[in-house]
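Each chain, written out:
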Amino acid sequence: AIKKFYRIIDLHRNSPLAYESYKQIGDILFLKLEQYEQAFTHYQRMLEVYPTEPRKAEIRFRMAKSLFHLVRLQESKAAFEEITKSFPESEWAEKSEFEIGNILVADGNRIQNQDT
């Protein structure tokens, strides 16, 4: 499936189909395959290819969530905090606030487990 989406991107580089194909590849890597490092890199590439994309808050949220799954908690927290600052009125800011809470809990549990 990923190869087919890359083919669409090659054929329709300046079309909305290309963006949706990029997004689908990210969904496959993140949601289906749980390849969070590859998903993070893919989303990073999306931001480079589509720097003015109005849905970039969602892409950045997915990058931060990838970092969380990679247990890069401080980087993830910083990324979620940046979303809340850059897109304060978006649904992604609200979701980021929730994820920051999850990180604080996960990090607290990790520290507590190290002490025992």
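Above this text sits the structure in question.
About the cut-offs
- Residues numbered from 1 in each chain as written.
- Predicted model: local features only at pLDDT ≥ 70, side-chain atom pairs only at ≥ 80, totals over all residues.
- Heavy atoms only, no water.
- Phe/Tyr/Trp six-rings, centres within 6.5 Å; stacked < 30°, edge-to-face > 60°.
- Buried < 20%, exposed > 50% of the residue type's maximum accessible area, 1.4 Å probe, protein only.
- Lys NZ or Arg CZ within 6 Å of the ring centre and 35° of its normal.
- Helix = DSSP H or I, 4+ residues; strand = E, 2+ residues; numbered from the N terminus.
- Contact = heavy atoms within 4.5 Å.
- Axes fitted to C-alpha atoms, helices over the stretch in contact; angles between N-to-C directions.
- Parallel < 35°, antiparallel > 145°, perpendicular 65-115°, else oblique.
- Left-handed = near helix turned anticlockwise from the far one by under 90°.
- Core = buried A, V, L, I, M, F, W, Y, C linked by side-chain atoms within 4.5 Å.
- Expected span 1.5 Å × (residues − 1).

1. Brief notes about the packing of aromatic side chains
Taken as a whole and assessed by the stated rule, the structure comprises five aromatic pairs. Arranged with centres 5.2 Å apart and planes meeting at 70°, the rings of phenylalanine 30 and tyrosine 36 form a pair that is edge-to-face. Phenylalanine 30 sits in the buried class, given a relative accessible area of 11%. An aromatic cluster of three or more residues is present, and its members are Tyr19, Tyr22 and Tyr50. Just above the ring of phenylalanine 40 sits the side chain of arginine 72; from NZ or CZ to the centre is 5.9 Å. Over the ring of tryptophan 92 we find lysine 95; its NZ or CZ atom is 4.3 Å from the centre of that ring.

2. Things to note about the side chain of serine 66
Relative to the assigned elements, serine 66 resides in helix H4 (residues 56–69). For serine 66, a relative accessible area of 0% corresponds to the buried category. Look past the residues within four positions of serine 66 in its chain and what remains in contact with it is Phe30, Tyr36, Ala39, Phe40 and Tyr43.

3. Notes on the packing of helix H3 (residues 36–49) against H4
Relative to each other, H3 and H4 sit at 155°, their axes nearing to 9 Å. The orientation of H3 with respect to H4, classified from their angle, is roughly antiparallel. For the element pair H3 and H4, the recorded crossing hand is left-handed. Contacts from Tyr36, Ala39, Phe40, Tyr43, Gln44, Met46 and Leu47 in H3 reach Lys56, Ile59, Arg60, Arg62, Met63, Ser66, Leu67 and His69 in H4.

4. What to know about the nonpolar core
Nonpolar side chains in soluble globular proteins tend to end up buried together. Ranked by internal contacts, the top residues of the largest apolar core, which has 17 residues, are Tyr43, Met46, Ile59 and Met63. For this core, the secondary structure elements donating two or more residues are helix H2 (16–32), H3 and H4. Other than its neighbours up to four places away in sequence, methionine 63 contacts Phe40, Tyr43, Gln44 and Leu47. Grouped together as the second largest cluster of nonpolar side chains are eleven residues, Ala57, Phe61, Ala64 and Ile103 included.

5. Focus on H4
In an α-helix there are 3.6 residues to a turn, and that puts residues three or four apart on one side. The terminal C-alpha atoms of H4, which comprises 14 residues, lie 20 Å apart, in line with the 20 Å expected from a rise of 1.5 Å per residue. Burial within H4 is extensive, with eleven of its 14 residues counted as buried. Within the span of H4, buried status applies to Ala57, Glu58, Ile59, Phe61, Arg62, Met63, Ala64, Lys65, Ser66, Leu67 and Phe68. Positive backbone phi, at 60°, marks valine 71, one or two positions downstream of H4.

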